[in-house]
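# Tertiary structure, described
If you want the building blocks of each chain, they are given just below.
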Amino acid sequence: MERYLIPSVNRACEVLRLLVKHNQGLTMQELMAELELPRTTLFRLLRTLCAEQMVQKRGKLYFCGAELMQLGFNIIHSDRMHQLAIPHVQRLALKSGHTAHLAVPNNGQVLIVEVFDSPNPLLVSKRPGVQAQMHCSSTGKVFLAHLYYDNLELLIQEHPMERHTEHTITDIDSLRKELKRVVAMGYALDDREYNKDARCLAVPVRDNRGVVVASIGITAPVVAFPMSQVQAIVELAKEAANGIYRDAYQVKHEKAS
């Protein structure tokens, strides 16, 4: 069977697998060392993958590209894990009384993959398939804190911190301080940063390796979600995130056994 394999395709898959494992990106020298490939061969592979948007180059570092991320989103959207998450998103909305959402990182932005409205939905709540900026959204801060912190400057260069309200964080030092708080507290808050009338909260969803693969949270009008309710909502969101992890892990475990 192996005589039918195409070596260049095999090498391209190895490149993609390595980049998926290293969210902080890899240089060409690091890829050469890992794959033991000649520089000219690797250069042609990377140029081809970049042209197909499967790989993205930022400075001297290579990352997973937009097309690869989109393929991943398509899998998530049809994958059983996404289906398993739906009841937890719905339950979070019903228990909290606010619109709940599930999101994944997508090429330096947030991609909303599931939304369940509260009985009184906020009209500015994002819909499935809509992208949002990371620096001023609760879900985005989750991904910045856990996946992109070491390469924050590179990400900001490609996605500048646009000001939406007077509360929006627009300098990298303040953002770093905020992201450290996110890690320490276990949740992220958008306190009128994207919309002056809305407050959002999100927590990470991890896979069985402990890697953050999604975030789940709520969006609500400021008048309906005072700061005094934050801790109660955090507990509900963490309960939903743990439920997604538990169900997804059990499915994987059942398939493996």
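Residues numbered from 1 in each chain as written. Predicted model: local features only at pLDDT ≥ 70, side-chain atom pairs only at ≥ 80, totals over all residues. Heavy atoms only, no water.

### Topic: the pairing of strand β2 (residues 61-64)
By the bridge criterion, four bridges tie strand β1 (residues 55-58) to β2 in an arrangement that is antiparallel. What sits directly across from Gln56, in β2, is Phe63. What sits between the antiparallel neighbours β1 and β2 is a turn of two residues, in which Gly59 has the positive phi angle 65 degrees. (Pairing = 2+ DSSP bridges. Helix = DSSP H or I, 4+ residues; strand = E, 2+ residues; numbered from the N terminus.)

### Points about the packing of helix α1 (residues 7-21) against helix α2 (residues 28-35)
For the pair α1 and α2, the least separation of the axes is 11 Å and the interaxial angle reads 115 degrees. In the crossing of α1 with α2, the sense of the turn from one axis to the other is right-handed. From α1, Glu14, Val15, Leu18 and Leu19 reach across to α2, where they touch Leu31, Glu34 and Leu35. A class-by-class count of the residues in the contact of α1 with α2 yields five nonpolar, no polar and two charged. (Axes fitted to C-alpha atoms, helices over the stretch in contact; angles between N-to-C directions. Left-handed = near helix turned anticlockwise from the far one by under 90°. Contact = heavy atoms within 4.5 Å. Nonpolar A, V, L, I, M, F, W, Y, C, P; charged D, E, K, R; others polar.)

### Thoughts on helix α8 (residues 172-185)
The end-to-end C-alpha separation of α8 is 20 Å, in line with the 20 Å expected for 14 residues at 1.5 Å each. Taken as a whole, α8 has its buried residues at Leu175, Arg176, Glu178, Leu179 and Val182. When α8 is viewed along its axis, its buried side chains cluster within an angular range of 165 degrees and face the same direction. Those residues of α8 that are exposed and angled more than 90 degrees off the buried face are Asp173, Lys177, Lys180 and Ala184. In this structure, the buried side of α8 is in contact with α6 (138-146), α7 (152-158) and β6 (188-191). Phi for Gly186, located one or two positions after α8, is positive at around 85 degrees. (Expected span 1.5 Å × (residues − 1). Buried < 20%, exposed > 50% of the residue type's maximum accessible area, 1.4 Å probe, protein only. Arc of directions from axis to C-beta.)

### A few points about the environment of Leu42
Here Leu42 is to be found in helix α3 (residues 39-51). Leu42 sits in the buried class, given a relative accessible area of 0%. Residues Leu42 and Val15 lie 27 residues apart in sequence; the distance between their C-alpha atoms is 8.9 Å.

### Concerning the packing of α1 against α3
Running from N to C, α1 and α3 cross one another at 75 degrees; their axes reach a closest spacing of 10 Å. Classified by the angle their axes make, α1 and α3 are roughly perpendicular. Across the interface between the two elements, Ser8, Arg11, Ala12, Val15 and Leu16 from α1 touch Thr41, Leu42, Leu45, Leu46 and Leu49 from α3. When the residues that make up the contact of α1 with α3 are grouped by side-chain class, the tally is seven nonpolar, two polar and one charged. (Parallel < 35°, antiparallel > 145°, perpendicular 65-115°, else oblique.)

### Points about unusual backbone geometry
In this structure, Gln53 takes a positive phi of about 60 degrees despite not being glycine. Structurally, Gln53 can be placed in the loop between α3 and β1. With a phi angle near 60 degrees, Arg192 is a residue other than glycine that sits in the positive phi range. Assignment of secondary structure puts Arg192 in the loop between β6 and β7 (198-206).

### Observations regarding the side chain of Lys141
Assignment of secondary structure puts Lys141 in helix α6. Accessibility expressed as a relative area gives 0% for Lys141, which makes it buried. Non-local contacts of Lys141, meaning those with residues more than four positions away in its chain, are made with Met134, His135, Ile169, Glu178, Leu179, Val182, Ala188, Leu189, Asp190 and Glu193.

### Structural notes on the side chain of Asp191
Position of Asp191 relative to the elements: it lies in strand β6. Among the polar contacts listed, one links the side chain of Asp191 to the side chain of Arg192, at a separation of 3.3 Å. Aside from chain neighbours lying at most four places away, what touches Asp191 is His167, Ala198, Arg199 and Met227. (Polar contact = N/O pair within 3.5 Å; in protein donor to acceptor, adjacent residues only side chain to side chain.)

### Structural notes on the sheet that holds β6
Reading across the sheet, the six strands line up as β5-β4-β3-β8-β7-β6 and stay open at both edges, with antiparallel pairing between neighbours. Looking at strand neighbours, the two that pair on one side only are β5 (131-132) and β6, the edges of this open sheet. Strands in contact with α6 are β3 (99-106), β4 (109-116), β6, β7 and β8 (212-221); relative to β7, the strand with the most contacts, it is inclined by about 40 degrees.

### Comments concerning the packing of aromatic side chains
Applying the stated criterion across every chain, the model contains zero aromatic pairs. Arg176 extends its terminal NZ or CZ atom over the ring of Tyr149, reaching a point 4.8 Å from the ring centre. A cation over a ring is seen here: Arg181 above Tyr187, with NZ or CZ 5.1 Å from the ring centre. (Phe/Tyr/Trp six-rings, centres within 6.5 Å; stacked < 30°, edge-to-face > 60°. Lys NZ or Arg CZ within 6 Å of the ring centre and 35° of its normal.)

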